[in-house]
Amino acid sequence: MLNIVVCVSGGGTNLQAIIDGVQNGTIQNTNIAGVISNNAGAYALERARNAGIQAYCVSPKDFASRQDFNDAFLKKLEELNPDLIVLAGFLVILPERMIQVYRDRIINIHPSLIPSFCGTGYYGLKVHEAALERGVKLTGATVHYVDEGTDTGRIIAQKAVEVKEGDTPEILQRRVMEQAEWIILPEAINEIAAAYQK
Ligand code: GAR
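What comes next concerns the included structure. Every value quoted in this text rests on a predicted model; they were computed, and no experiment measured them.

Close contacts around the ligand come from 14 residues, with Gly 12, Thr 13, Asn 14, Gly 124 and Glu 181 the closest. Gly 12 has a polar backbone atom sitting 2.7 Å from an oxygen atom of the ligand. Here an oxygen atom of the ligand and a side-chain polar atom of Asn 14 are 2.9 Å apart. The protein chains hide 91% of the 450 Å² of surface that the ligand would expose on its own.

What follows is the structure, given as structure tokens:
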């Protein structure tokens, strides 16, 4: 079984797609060991608890320094002993040590077709605002491994989504989630789990 920890910051619709995938068998050979949020108010925490999954908040606000937060966050991860860490809308700059310790075992979902609209400052709705501003006709989502850069790691899966006349950032965000993110993230986890022997 692939033991995964899902890191979240907000609404948690991608987390929900993972929970549903594990429950309905789209994602096999996978156990969600826990969910960690940096934000105590994240609805994602409630989604986890509703599904009977251990949910934790490790917030920078509760620590005197970034270093103390990083240490606490890494300690929580270590306790949960993940084979794979899934960043599902996790809007925190990762401690460098985390990338070293879990190299090739961290994946992220990004709401564009990388290398478009990615890197520093491109997250959440901002990505869709930028896509609309540029006038692209196709956008989408990408699942990729996480390395030291921002959205620079090896790409695992991508899916294109049409931009339509009259789209607002919110409407486009929803379409990208429905038609791409909630599909390719569970699929990527399932593929990693299928290749995993333990
Ligand atoms: C998702 O659209 C995800 O792709 C994006 O944040 C949203 C989280 O929504 N992530 C990034 O922008 C990372 N750079 P959710 O909490 O409902 O899953």
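Inspection of the entire model under this criterion finds 0 disulfides. Looking at the unpaired Cys 7, the closest cysteine sulfur is the one in Cys 57, lying at 12 Å. Since its relative accessible area comes to 0%, Cys 7 is described here as buried. The partly exposed category is assigned to Cys 57, whose relative accessible area is 32%.

Among the secondary structure elements, Asp 151 is positioned in the loop between β6 (138-145) and β7 (155-162). Of the side chains bearing the opposite charge, Lys 126 lies closest to the buried Asp 151, which forms no salt bridge; the N-O distance is 13 Å. For Asp 151, the side chain forms a polar contact with the main-chain nitrogen of Gly 119, separated by 2.9 Å. Excluding anything up to four places from it in sequence, Asp 151 contacts Asn 108, His 110, Ile 114, Cys 118, Gly 119, Tyr 122 and His 144.

Below, the discussion takes up the layout of surface pockets. What the largest pocket holds in volume is close to 940 Å³. Along the wall of the largest pocket there are 39 residues; nearest its centre are Phe 90, Leu 91, Val 92, Asn 108 and Tyr 123. Looking at the lining of the largest pocket, the elements that each hand over two or more residues are α1 (13-24), α4 (96-101), β5 (106-110), β6 and α6 (169-194). Residue composition of the lining of the largest pocket, by class: 15 nonpolar, 19 polar and 5 charged.

A few words on the sheet that holds β6. One open sheet holds the 7 strands; their spatial order is β3-β2-β1-β4-β5-β6-β7, and the pairing between them is mixed. Whereas interior strands pair on both sides, the edge strands pair on one side only; in this sheet they are β3 (55-57) and β7. Adjacent strand axes in the sheet meet at a mean angle of 20° when their direction is disregarded. Summarising the sheet, β6 and β7 pair through 7 bridges and their orientation is antiparallel. The residue of β7 that forms the bridge with Thr 139 is Val 161. Of the strands in this sheet, β1 (2-8), β2 (30-37), β4 (84-87) and β5 touch α1, which is tilted by about 160° from β2.

Counting residues in each nonpolar core, the largest one holds 38 residues, and the members touching the most others are Ile 4, Val 6, Ile 18, Val 86, Ile 107, Leu 185 and Ile 189. Considering every element that reaches this core, the biggest residue donor is α6, with 9 residues. Apart from the residues within four sequence positions on either side, Val 86 is in contact with Ile 4, Val 5, Val 6, Cys 7, Ile 18, Ile 107, Leu 185 and Ile 189. If you look at the next biggest cluster of nonpolar residues, it comprises 20 residues, including Val 5, Cys 7, Val 58 and Val 146.

Procedures and definitions
- Residues numbered from 1 in each chain as written.
- Predicted model: local features only at pLDDT ≥ 70, side-chain atom pairs only at ≥ 80, totals over all residues.
- Heavy atoms only, no water.
- Near = heavy atom within 4 Å.
- Polar contact = N/O pair within 3.5 Å; in protein donor to acceptor, adjacent residues only side chain to side chain.
- Areas by Shrake-Rupley, 256 points an atom, 1.4 Å probe, with all protein chains shown as cover.
- Disulfide = S-S within 2.5 Å.
- Buried < 20%, exposed > 50% of the residue type's maximum accessible area, 1.4 Å probe, protein only.
- Helix = DSSP H or I, 4+ residues; strand = E, 2+ residues; numbered from the N terminus.
- Lys, Arg positive; Asp, Glu negative; His and termini not counted.
- Salt bridge = Lys/Arg side-chain N within 4 Å of Asp/Glu carboxyl O.
- Contact = heavy atoms within 4.5 Å.
- 1 Å grid on protein atoms, 1.4 Å probe; cavity = no way out; pocket = protein on both sides within 12 Å on 5 of 7 lines; lining within 4 Å.
- Points joined across faces, edges and corners; volume = space filled by probe spheres on them.
- Nonpolar A, V, L, I, M, F, W, Y, C, P; charged D, E, K, R; others polar.
- Pairing = 2+ DSSP bridges.
- Axes fitted to C-alpha atoms, helices over the stretch in contact; angles between N-to-C directions.
- Core = buried A, V, L, I, M, F, W, Y, C linked by side-chain atoms within 4.5 Å.

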